[in-house]
Amino acid sequence: MDFGYHRSCLLLTGVIILLLLQVQLFLAVTLAKTQVPLSSSNNISSSFSTRGRELLGCDLFKGRWVVDNSYPLYAASSCPYIDPGYDCQKHGRKDTQYLKYSWKPDSCNLPRFNGLDLLNKWRGKKVMFVGDSLSENMWQSLACLLHASVPRSKTSLQHGEPLTILTFQDYGVTIFLYRSTYLVDIVREKFGRVLKLDSIQAGKAWKGMDVLVFNSWHWWTHTGRSQPWDYMQYGSTISKDMDRFEAYFKGMTTWARWVDLNVNPAKTKVFFQGISPSHYVGQEWGSPSKSCNGQAQPLQGSTYPAGSPKALGVLKKVLGSVKIPVYLLDITTLSQLRKDAHPSAYGYSGVDCSHWCLPGLPDTWNQLLYATFH
């Protein structure tokens, strides 16, 4: 037997084994670096994205409404922050089943809203909602949810225009509402009111927040006397009007640029509330009805017959261009299913199929917001 040859084989085998071990170690380290740890769902910075669909290991916005007799989470009569136009029971709505639904994602459990937990997580923080009356709808819902959790907590409320400020003094948490229907500016010029699609001077008031929740779409389709501007301007071009989806894209692109230039993602978490739908055309959900009036139950299933509104596609295109992480609260489809949840004939006047009763659907929007901090 050639022992020299044998020793050479053993030595070569040892080198090969050593090389294989080194390769395995390298792959293990590389994989560990690229994988997101399971605990990262509790790290809000790592879970933010412009897509914003997966947070607790599933798509929170794909699911269905289920009967839940533990709802509502508060009584309208016990909340001092509800606008009378959203208090449907006070305005004579007799049915109460619309209050008894909770949102059930298809593949995970949505955490139940816990106001005390959220106040502790937000201790010393400033949270601002920026947008139109649907931002107000969500702001009032959050105010009621937090108040119901700590009804004896000291609070202060300052009403103003465009700013309303609610502070939970025992926690140092301040919830702001800044009214800005278009996010971009409306400026009064000598020749009329101008919607400036490339200007956000009002954004100075949004700086320094720990949480920003933006919203805008509802007013972009308004025409005639309900339209609060006379001209649109983009750059040096002034026009009487333009395609509203094009205008919305330009305006939201200006907002996206503002976010990139003014938000420090290490301090501030940014959300977009998403597109809140209206229910004025019954054929959208396969009904001969002309509006949401008289609707008493949500749609079954997880899809809306008419599909997503075009504005949502425009918004997602804009969000895809933002460099700063923005979390989309994609509430459109789950809200489309709630044709029963509007004030309808039980609001201020006429039939309101744009806003939402409180308690009601906006409480779920805030539950989804809470889930991002859970």
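Rules of the game
- Residues numbered from 1 in each chain as written.
- Predicted model: local features only at pLDDT ≥ 70, side-chain atom pairs only at ≥ 80, totals over all residues.
- Heavy atoms only, no water.
- Helix = DSSP H or I, 4+ residues; strand = E, 2+ residues; numbered from the N terminus.
- Buried < 20%, exposed > 50% of the residue type's maximum accessible area, 1.4 Å probe, protein only.
- Contact = heavy atoms within 4.5 Å.
- Areas by Shrake-Rupley, 256 points an atom, 1.4 Å probe, with all protein chains shown as cover.
- Phe/Tyr/Trp six-rings, centres within 6.5 Å; stacked < 30°, edge-to-face > 60°.
- Lys NZ or Arg CZ within 6 Å of the ring centre and 35° of its normal.
- Core = buried A, V, L, I, M, F, W, Y, C linked by side-chain atoms within 4.5 Å.
- Disulfide = S-S within 2.5 Å.
- Pairing = 2+ DSSP bridges.
- Axes fitted to C-alpha atoms, helices over the stretch in contact; angles between N-to-C directions.

Regarding its fold elements, the chain presents eight helices and 13 strands. Taken over 374 residues, the chain has a buried fraction of 50%. In the chain, the share of contacts with a sequence separation of at least 24, taken over all contacts with a separation of at least 6, comes to 75%. When the accessible surface of the chain is split by element, carbon and sulfur atoms take 55% of a total near 18,000 Å².

Overall, the coordinates contain 18 aromatic pairs when judged by the stated rule. Residues tryptophan 206 and phenylalanine 214 carry aromatic rings whose centres are separated by 5.4 Å and whose planes lie at 65 degrees to one another, so their mutual orientation is edge-to-face. With a relative accessible area of 0%, tryptophan 206 lands in the buried category. For phenylalanine 214, a relative accessible area of 0% puts it in the buried group. Aromatic ring contacts, followed pair by pair, group Tyr178, Trp206, Phe214, Trp255, Trp258 and Phe272 into a single cluster. The residue whose ring lies beneath arginine 93 is tyrosine 98, and the NZ or CZ to ring-centre distance is 3.7 Å. The side chain of lysine 240 reaches across the aromatic face of tyrosine 231, ending 4.5 Å from its centre.

Moving on: the nonpolar core. Counting residues in hydrophobic clusters, the biggest one holds 56 residues, and the most contacted among them are Leu60, Trp122, Phe129, Ile175 and Leu329. Residue assignment for this core shows that the elements contributing at least two residues are β2 (101-105), α3 (115-121), β3 (126-131), α4 (133-149), β5 (163-168), β6 (173-179), β9 (211-214) and α8 (361-371). Setting aside anything within four residues of it in sequence, one finds tryptophan 122 in contact with Val127, Leu142, Val173, Ile175, Val211, Leu369 and Phe373. Val130, Tyr182, Tyr248 and Leu328 belong to the second-largest nonpolar core, a separate cluster that totals 40 residues.

Tyrosine 71 connects to proline 72 through a cis peptide bond whose omega is 5 degrees. Looking at the secondary structure, you find proline 72 in the loop between β1 (63-67) and β2. For the peptide bond that leads from leucine 358 to proline 359, omega is -5 degrees, which places it in the cis range. Along the chain, the position of proline 359 falls in the loop between α7 (332-336) and α8. Its identity as a non-glycine residue notwithstanding, leucine 183 has a phi of 70 degrees, on the positive side. Inspection of the secondary structure assignment puts leucine 183 in the loop between β6 and β7 (185-189). Phi angles above zero are rare outside glycine, and serine 344 is one such case at about 45 degrees. Inspection of the secondary structure assignment puts serine 344 in the loop between α7 and α8. Judged by its relative accessible area of 5%, serine 344 falls in the buried class.

Bringing the side chain of asparagine 137 into the picture now. Summarising the element assignment, asparagine 137 is placed in helix α4. In this view, asparagine 137 contacts Tyr86, His355, Trp356, Leu358 and Pro362; residues no more than four positions away in its chain are not counted.

Turning next to the state of the cysteines. Under the defined criterion, the tally for this structure stands at four disulfides. Note on cysteine connectivity: cysteine 79 is disulfide-linked to cysteine 144, with sulfurs 2.0 Å apart. Looking down the S-S bond of the cysteine 79 and cysteine 144 bridge, the torsion is -85 degrees, so its handedness is left-handed. Of the two residues, cysteine 79 is situated in the loop between β1 and β2 and cysteine 144 in helix α4; the sequence distance between them amounts to 65 residues. You'll find cysteine 79 and cysteine 144 in the same group, each marked buried. Disulfide pairing places cysteine 88 opposite cysteine 357 at an S-S distance of 2.0 Å. Its torsion about the S-S bond being -95 degrees, the disulfide of cysteine 88 and cysteine 357 is classed as left-handed. Separated by 269 residues along the polypeptide, cysteine 88 in the loop between β1 and β2 and cysteine 357 in the loop between α7 and α8 bring together distant segments of the chain. The pair cysteine 88 / cysteine 357 is uniform in exposure class, with both members buried.

Across the sheet, four strands lie side by side as β7-β8-β10-β11; this open sheet has mixed pairing. Unpaired on one side and paired on the other, β7 and β11 (237-239) mark the two borders of the sheet. Between one strand axis and the next, the sheet turns by 30 degrees as a mean value, whatever way the strands run. Pairing analysis gives five bridges linking β7 to strand β8 (residues 192-196), with the strands arranged antiparallel. Each residue of the ladder has a partner; that of arginine 188, found in β8, is arginine 193.

Let us now look at the sheet that holds β3. Spatially, the seven strands line up as an open sheet ordered β4-β5-β6-β3-β9-β12-β13, and their pairing is mixed. Each edge of the sheet is formed by a strand with only one pairing partner; in this case those strands are β4 (155-158) and β13 (326-328). In this sheet, neighbouring strand axes are inclined to one another by 15 degrees on average, regardless of whether the strands run parallel or antiparallel. Contacting β9, β12 (269-272) and β13, helix α5 (residues 244-262) crosses the sheet at an angle of about 170 degrees to β12. Helix α6 (residues 310-319) contacts β12 and β13 of the sheet and is inclined by roughly 160 degrees relative to β13.

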